[in-house]
Amino acid sequence: MVIGILLVGLAAAVALLVACGLRLSGLVPTLLVGYVLYTGNLGAVTLLLSPIHAVTRLGLAVTELVLLGGALWFWWRRGRPGVPLVSARASARAIVTDPVTAVFFALVLVLLAYEILLASGPPNNMDSLTYHLARAAAWRQHGGIYWIPWSPEVELNAYQPLAEQQIL
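This report concerns the structure included in the present document. What you see is a predicted model, and the numbers here were worked out from it, not measured in a lab.

## What about the overall build of the protein?
So, step 1. Secondary structure summary: the protein contains eight helices and zero strands in total.
So, step 2. Its helices and strands taken in sequence order, the protein reads α-α-α-α-α-α-α-α from the N to the C terminus.
So, step 3. Here the protein has a C-alpha radius of gyration of 19 Å; the compact-globule value for 168 residues is 15 Å, and the former is much larger.
So, step 4. Across its three principal directions, the C-alpha atoms of the protein cover 60 × 40 × 30 Å.
So, step 5. Burial analysis of the protein (168 residues in total) assigns 27% to the buried set.
So, step 6. For the protein, the share of sequence-separated contacts (at least 6 apart) that also reach a separation of at least 24 residues comes to 65%.

Here's what the structure looks like:
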């Protein structure tokens, strides 16, 4: 569990360092680019390590550490820019001062808390149990992404793999 959290943290750090190094105009573009980089990192790393059956804790750790070194180098060469919070402070001030926007923001926070509560429980719907988790488990045993032979569900091999790569 701890190793998994560290691996996810490494991938997030790589994405955030590269996003900050791009020197985007505000917090929202930086976070959006960071999310896209994070998702792309997870997809690309598992695809690249799969042919050599290295989608293991060690393989992922080594790859993410190499990527972190590259991201640190890029961030350093770009002048060690921070997260652009100047425009976010002005936006936060505008949210707090406008009552309608403040109520809407509070509603969004309540809905986000509800989503986090739902996501914190174990997956128990048919979609998750019949192929998302089974596909990720089969790939985990194999050490990478592959065609699952004699699969009882067509979904195990038919759909795009990015969700399962993120689970893996």
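From this point on, the discussion continues.
## Let's talk about a nonpolar patch on the surface
So, step 1. Taken together, the side chains of M1, V2, I5 and L6 make up a nonpolar region of the molecular surface, amounting to roughly 490 Å² of accessible area.
So, step 2. Its place among the elements puts V2 in helix α1 (residues 2-21).

## Quick notes on the side chain of Q165
So, step 1. Relative to the helices and strands, Q165 is located in helix α8 (residues 162-167).
So, step 2. Owing to a relative accessible area of 5%, Q165 belongs among the buried residues under this scheme.
So, step 3. A polar contact of 3.0 Å, which involves the side chain of Q165, links it to the backbone oxygen of G43.
So, step 4. A distance of 2.6 Å separates the side chain of Q165 from the side chain of T46, its partner in a polar contact.
So, step 5. Setting aside its immediate chain neighbours within four residues, Q165 contacts L42, G43, T46, L47, W139 and I145.

## Side note on the packing of aromatic side chains
So, step 1. Summed over the entire model, instances satisfying the criterion amount to one aromatic pair.
So, step 2. For the pair Y131 and Y159, a centre-to-centre distance of 5.4 Å together with 65 degrees between the ring planes defines the contact as edge-to-face. You can see Y131 sitting in helix α6 (residues 126-142) and its partner Y159 sitting in the loop between α7 (155-158) and α8, a full 28 residues away along the chain.
So, step 3. In this structure, R80 is placed above the aromatic ring of W76, and the distance from its NZ or CZ to the ring centre is 4.5 Å.

## Some words on the environment of A163
So, step 1. By the secondary structure assignment, A163 is in helix α8.
So, step 2. Taking relative accessible area as the criterion, A163 reaches 35% and is therefore assigned partly exposed.
So, step 3. Taking the C-alpha atoms as reference, A163 lies 7.5 Å from H132; in sequence the two are 31 residues apart.

## A word on the layout of surface pockets
So, step 1. The volume enclosed by the largest pocket comes to roughly 490 Å³.
So, step 2. Around the largest pocket sit 19 residues that line it, and G4, L7, L60, I167 and L168 are the ones nearest its centre.
So, step 3. Counting only elements with at least two residues in the lining of the largest pocket, the list comes to α1, α2 (27-49), α3 (57-77) and α8.
So, step 4. By residue number, the principal contributor to the lining of the largest pocket is α2, which donates five residues.

## A look at α3
So, step 1. Spanning 21 residues, α3 covers 30 Å between terminal C-alpha atoms, matching the ideal 30 Å at 1.5 Å per step.
So, step 2. Burial in α3 covers these residues: G59, L60, E64, L68 and A71. Down the axis of α3, the buried side of the element spans an arc of 160 degrees, and every buried residue falls inside it. Away from its buried face, by an angle of more than 90 degrees, α3 presents the exposed residues L58, V66, W73, W76 and R77.
So, step 3. Considering only its buried residues, α3 is in contact with α1 and α2.

Reading the values: the criteria
- Residues numbered from 1 in each chain as written.
- Predicted model: local features only at pLDDT ≥ 70, side-chain atom pairs only at ≥ 80, totals over all residues.
- Heavy atoms only, no water.
- Helix = DSSP H or I, 4+ residues; strand = E, 2+ residues; numbered from the N terminus.
- Rg over C-alpha atoms; globule rule 2.2 N^0.38 Å.
- Buried < 20%, exposed > 50% of the residue type's maximum accessible area, 1.4 Å probe, protein only.
- Contact = heavy atoms within 4.5 Å.
- Patch = residues over 30% accessible without salt bridge, like charges linked within 9 Å, V, L, I, M, F, W, Y side chains within 5 Å.
- Areas by Shrake-Rupley, 256 points an atom, 1.4 Å probe, with all protein chains shown as cover.
- Salt bridge = Lys/Arg side-chain N within 4 Å of Asp/Glu carboxyl O.
- Polar contact = N/O pair within 3.5 Å; in protein donor to acceptor, adjacent residues only side chain to side chain.
- Phe/Tyr/Trp six-rings, centres within 6.5 Å; stacked < 30°, edge-to-face > 60°.
- Lys NZ or Arg CZ within 6 Å of the ring centre and 35° of its normal.
- 1 Å grid on protein atoms, 1.4 Å probe; cavity = no way out; pocket = protein on both sides within 12 Å on 5 of 7 lines; lining within 4 Å.
- Points joined across faces, edges and corners; volume = space filled by probe spheres on them.
- Expected span 1.5 Å × (residues − 1).
- Arc of directions from axis to C-beta.

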